[in-house]
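# Commentary on secondary and tertiary structure
Next come the chains, spelled out residue by residue.
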Amino acid sequence: ASCSGELMEYEYIERLAWRTPGGGSKGGAEAFDPKKLLEEFENHIEELKQLDEKIQRKVEKLEHQCHREAKEFAHKVQDLQRSNQVAFQHFQELDEHISYVATKVCHLGDQLEGVNTPRQRAVEAQRLMTYFNEFLDGDLRSDVFNNPDKIKEAADIIQKLHLIAQELPFDRFADVKAKIASKYHDLERQLIQEFTAAQRRGEIGRMREVASVLLHFKGYAHCVDVYIKQCQESAYLRNDVFEDTANLCQRVNKQVGEVFSSPETVMAKLIQNIFENKLQAHVREKLDETRHCDIEQYLKNLYDLYSRTTLLATKLTEFNLGSDKHTFLSKLIKSIFSSYLESYIDMEREYLRTRGALILQRYYDSKNHQKRPIGTGSIQDLKERIRQRTNLPLGPSIDTHGETFLSPELVVNLLQETRHAFERCHRLSDPSDLPKNAFSIFLLLVDHLCVEHIDYALEIGLSAIPSSDAKNANLYFLDVVQQANSIFHLFDKQFNDQLMPLISSSPKLAECLHKKKEVIEQMEVKLDTGIDRTLNCMGGQMKHILATEQKKTDFRPEDENNVMIQYTTACSKVCVYVSRQVEHVRKSMDGKNVDTVLTELGVRFHRLIHEHLQQYSYSSMGGMLAICDVAEYRRCAKDFRVPLVLQLFDTLHALCNLLVVAPDNLKQVCSGEQLTNLDRNLLHAFVQLRVDYRAARLGRHFS
């Protein structure tokens, strides 16, 4: 701020010097004259002093005026405060006076009311006595009893007279009491007729007026009944009683609030009347006609009717039905369905038992197959244990002609029936019985699907597996495995999707999981047994091919210089057979089971070739041919996509090199990467297969 002031002063002095003649510093028309500039400055300073004195006098004058006005304003404020205090005191006095007057007025009002109330009662009593005398004389002369337009006033009078008559002794006033009662009932009947006529005309105001009069009569409940009956006269014109009921209640709910003083009571009574009459009759008609002749349709109807009734009840909760409308509606539903729900689960189980047996029988009939009894006695158990431990086929092998006796269509039908049963069980079972009922349905599914169908097919499949020395055997058990796996995936999906939500929070969950585990383990035992025996058959078939196709001269050709084949016929046929079986296994298995089975098949395949090669002696050219065969076997082993199997054939290929290596290099080859960890006796055994073993004294390398 100080810098800004100095700058302004500097500019002001510059302008003043510039305007003064001879005051310029850069020359011009007149030369610089410091005296003129000093004189001009002195004159200007004098003018500024005079201006400052003038402004100072004006400021002092304004300050004096301001102090004077402030004192005057303070005096005015003090005067106003004193006036306000006086006014407040007057207001308090006035308020006390008003309170005093109001107390007097209230007291006077109480006195007047004390006088007027008995007077009004006396007038009302006199009026009622006048009308009572008319009934006593038997001549109703008053206009109120003869004018239809005054029926409301007459109803009020007769209602009071009726109450009075109840207190009179019967022996002295029997006649008049009867007349009053007759008139009471006559007016009540007229009011109800008037209400009915107004309802038919749709006159809501008249209905409300009559209903308010009837409210004090005994016939008020009858008025409500008439209203409810008349509401339903044209409401059920379609075949859908549930939709009609919802529409009726929606329409009536708007009307009862305008007509009756307690609409929630009327609405609740209407709904109770509909449930106990219309709905109950409809449910009984639908269910009783199928209960004993068509149990499937009965269960479908029960599920549909109960579902639609509960849905209707949910819609009705939007209306005012009193304090506990949910309990009220639940009781109405229970009153309709209790007798049917008590026997539901028994009928459900009976239907599933019959339906499941029928589906199974139809399937086996379509295959012209008579089910073989699967024994469960001690002898059968003993056979099963022997078969599992020894892998021997006990009993004759049967020919299924490639039939697996597993049907996807049958499985879908069984699962669909069970799915519907679970849905019905969820809807129709009491919450406390739901887990138990769902478990019983699950047991029936296990019996029909797992025991009667899958387990039976596995038993037939096991019986159809030929012995390991059978020739040209058709191995269908892998097809059984494939279909059994697919079926069990569907079974497991239904278990998780539909059964688990029903039992997840109950003790039945442990039972269900245990039962499922038990079923899986039983089937896995039979699947493992069947797969093992199938692999034995594959090994037997490969052994048969080698025995019939492999000749001793293959590895000791007569003409060592004229061998034109890349590998032997036996090798070719075995590789074709193995490749076909590998593809079969891949189609039949899933997940880790593929690698597990192919590993076992590959190990057996390697063992068979290894033992087979040790049955022959090899010339130099024969050894080369054996190496070519093993190379082909190794190429076939790549199809397994199992590292262990490929490693085994790599090692076998290295062993076969011992059949052709020069004697001097034999020790070096045995120390190679692939053979160095093998047993020396195994290496020696392969070297002994060479034709020149004795002549070249090859045994010394292993001594």
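Thresholds, definitions, all that
- Residues numbered from 1 in each chain as written.
- Predicted model: local features only at pLDDT ≥ 70, side-chain atom pairs only at ≥ 80, totals over all residues.
- Heavy atoms only, no water.
- UniProt positions renumbered as here; feature names shortened; annotations may be inferred.
- Helix = DSSP H or I, 4+ residues; strand = E, 2+ residues; numbered from the N terminus.
- Buried < 20%, exposed > 50% of the residue type's maximum accessible area, 1.4 Å probe, protein only.
- Contact = heavy atoms within 4.5 Å.
- Patch = residues over 30% accessible without salt bridge, like charges linked within 9 Å, V, L, I, M, F, W, Y side chains within 5 Å.
- Areas by Shrake-Rupley, 256 points an atom, 1.4 Å probe, with all protein chains shown as cover.
- Salt bridge = Lys/Arg side-chain N within 4 Å of Asp/Glu carboxyl O.
- Lys, Arg positive; Asp, Glu negative; His and termini not counted.
- Charge placed at Lys NZ, Arg CZ, Asp CG, Glu CD.
- Phe/Tyr/Trp six-rings, centres within 6.5 Å; stacked < 30°, edge-to-face > 60°.
- Axes fitted to C-alpha atoms, helices over the stretch in contact; angles between N-to-C directions.
- Parallel < 35°, antiparallel > 145°, perpendicular 65-115°, else oblique.
- Core = buried A, V, L, I, M, F, W, Y, C linked by side-chain atoms within 4.5 Å.
- Expected span 1.5 Å × (residues − 1).
- pLDDT = per-residue confidence, 0-100.

An unreviewed UniProt entry annotates the chain as Exocyst complex component 5 of Gouania willdenowi. Annotation of the chain in UniProt includes, under Sequence similarities (unreviewed entry), the sentence "Belongs to the SEC10 family."

### A short note on the overall build of the chain
A tally of helices and strands in the chain yields 23 helices and 0 strands. In the chain, which comprises 703 residues, the proportion classed as buried is 38%. Long-range pairs, those at least 24 residues apart, make up 75% of the contacts in the chain with a sequence separation of at least 6.

### Section: unusual backbone geometry
We note that F405 has phi near 60°; this positive angle belongs to a residue other than glycine. Within the element layout of this structure, F405 appears in the loop between helix 13 (378–390) and helix 14 (408–428). The class for F405 is buried, based on a relative accessible area of 8%. In this structure, R641 takes a positive phi of about 60° despite not being glycine. The residue R641 is located in the loop between helix 20 (620–638) and helix 21 (643–656) in this model. The exposure class assigned to R641 is exposed, which follows from its relative accessible area of 64%.

### What about the side chain of T310?
Note that T310 resides in helix 10 (residues 295–316). Exposure remark for T310: the relative accessible area of 16% places this residue in the buried category. In this structure T310 touches I333 and R427, once residues within four positions along its chain are discounted.

### Details of the environment of I627
Tracing the backbone shows I627 in helix 20. Sequence-wise, I627 and H653 are 26 residues apart; in three dimensions their C-alpha atoms are separated by 6.4 Å. Apart from residues no more than four positions distant in its own chain, I627 is found in contact with H653, C656, N657 and V660.

### Details of a nonpolar patch on the surface
Where nonpolar side chains cluster on the molecular surface, the patch consists of Y12, I13, L48, L51, I55 and V59 and spans about 500 Å² of accessible area. Listed by contribution, the elements that provide at least two residues to the nonpolar patch are helix 1 (2–19) and helix 2 (34–137). Along the chain, I13 falls in helix 1. Classification of I13 as partly exposed rests on a relative accessible area of 45%.

### A closer look at the UniProt feature "coiled-coil region" (unreviewed entry) in the chain
The sites that carry the UniProt feature "coiled-coil region" (unreviewed entry) are, in the present numbering, residues 38–72. Within the segment residues 38–72, helix and strand shares are 100% and 0% respectively, and the terminal C-alpha atoms sit 51 Å apart.

### Quick notes on a negative patch on the surface
Judged by side-chain charge, E46, E47, D52 and E53 come together as a negatively charged surface patch. The residue E53 is located in helix 2 in this model.

### Section: the packing of aromatic side chains
Enumeration over the complete set of coordinates arrives at 15 aromatic pairs. Pairing F488 with F491 gives two aromatic rings, centres 5.2 Å apart and planes at 40°, and the pair type is tilted. Separated by 3 residues within a single helix, F488 and F491 lie in helix 16 (residues 477–503), roughly one turn from each other. By relative accessible area, F488 is classed as buried at 14%. F491 sits in the buried class, given a relative accessible area of 1%.

### Remarks on the pattern of salt bridges
One pass over the structure, following the stated rule, counts 27 salt bridges. For the salt bridge of E417 with R355, the shortest nitrogen-to-oxygen distance reads 3.2 Å. In this pair, E417 is assigned in helix 14 and R355 in helix 12 (residues 344–366), connecting sequence segments 62 residues apart. Across the pair D532 and R604 runs a salt bridge, and its minimum N-O distance is 2.3 Å. Taken together, the residues D532 in helix 17 (residues 508–549) and R604 in helix 19 (residues 592–613) connect sequence positions 72 residues apart. Overlapping salt bridges bring together E194, R201, E203 and R206 as one network.

### Quick look at a positive patch on the surface
Positive charge collects at one region of the surface, where K54, R57, K58 and K61 lie side by side. Residue position: K61 is located in helix 2.

### Thoughts on the packing of helix 18 (residues 569–588) against helix 20
Look at helix 18 against helix 20: their axes get within 10 Å of each other, and the N-to-C directions meet at 10°. Judged by the inter-axis angle, helix 18 sits roughly parallel to helix 20. Counting all contacts with helix 18, which are made through A570, C571, V574, C575, V578 and S579, the residues of helix 20 involved are D629, E632, Y633 and C636.

### Description of the nonpolar core
Ranked by internal contacts, the top residues of the largest apolar core, which has 160 residues, are Y227, F260 and F640. Counting residues per element, this core draws most heavily on helix 15 (residues 434–464), which supplies 16 residues. If we ignore the near neighbours within four places in the chain, the residues touching Y227 are F195, Q199, M207, V252, Q255, V256, F260 and V266.

### Examining the environment of G530
Here G530 shows up in helix 17. For G530, a relative accessible area of 0% puts it in the buried group. As for G530 and L478, which are separated by 52 residues in sequence, their C-alpha atoms are 8.4 Å apart. When residues no more than four places from it in sequence are discounted, the contact partners of G530 are L462, I465 and F477.

### Here's the deal with helix 14
Over its 21 residues, helix 14 extends 30 Å from the first C-alpha to the last, a length consistent with the 30 Å expected when each residue adds 1.5 Å. Among the residues making up helix 14, those that are buried are L410, V411, L414, L415, E417, T418, A421, F422, R424, C425 and L428. Elements in contact with the buried residues of helix 14: helix 10, helix 11 (325–342), helix 12, helix 15 and helix 16.

### Regarding the side chain of H610
Structurally, H610 is set in helix 19. The class for H610 is buried, based on a relative accessible area of 14%. Dropping the residues within four chain positions of it, H610 is found in contact with L652, L655, L682 and F686.

### What about the confidence of the model for the chain?
The share of residues in the chain with pLDDT of 70 or more is 81%, and the mean pLDDT across the chain is 82. Segment residues 376–382 is flagged for pLDDT under 50; beyond a separation of four residues in sequence, or across chains, it makes 2 contacts in the model. Scored below 50 in pLDDT, residues 391–396 shows 11 contacts in the model against residues more than four places distant or in partner chains.

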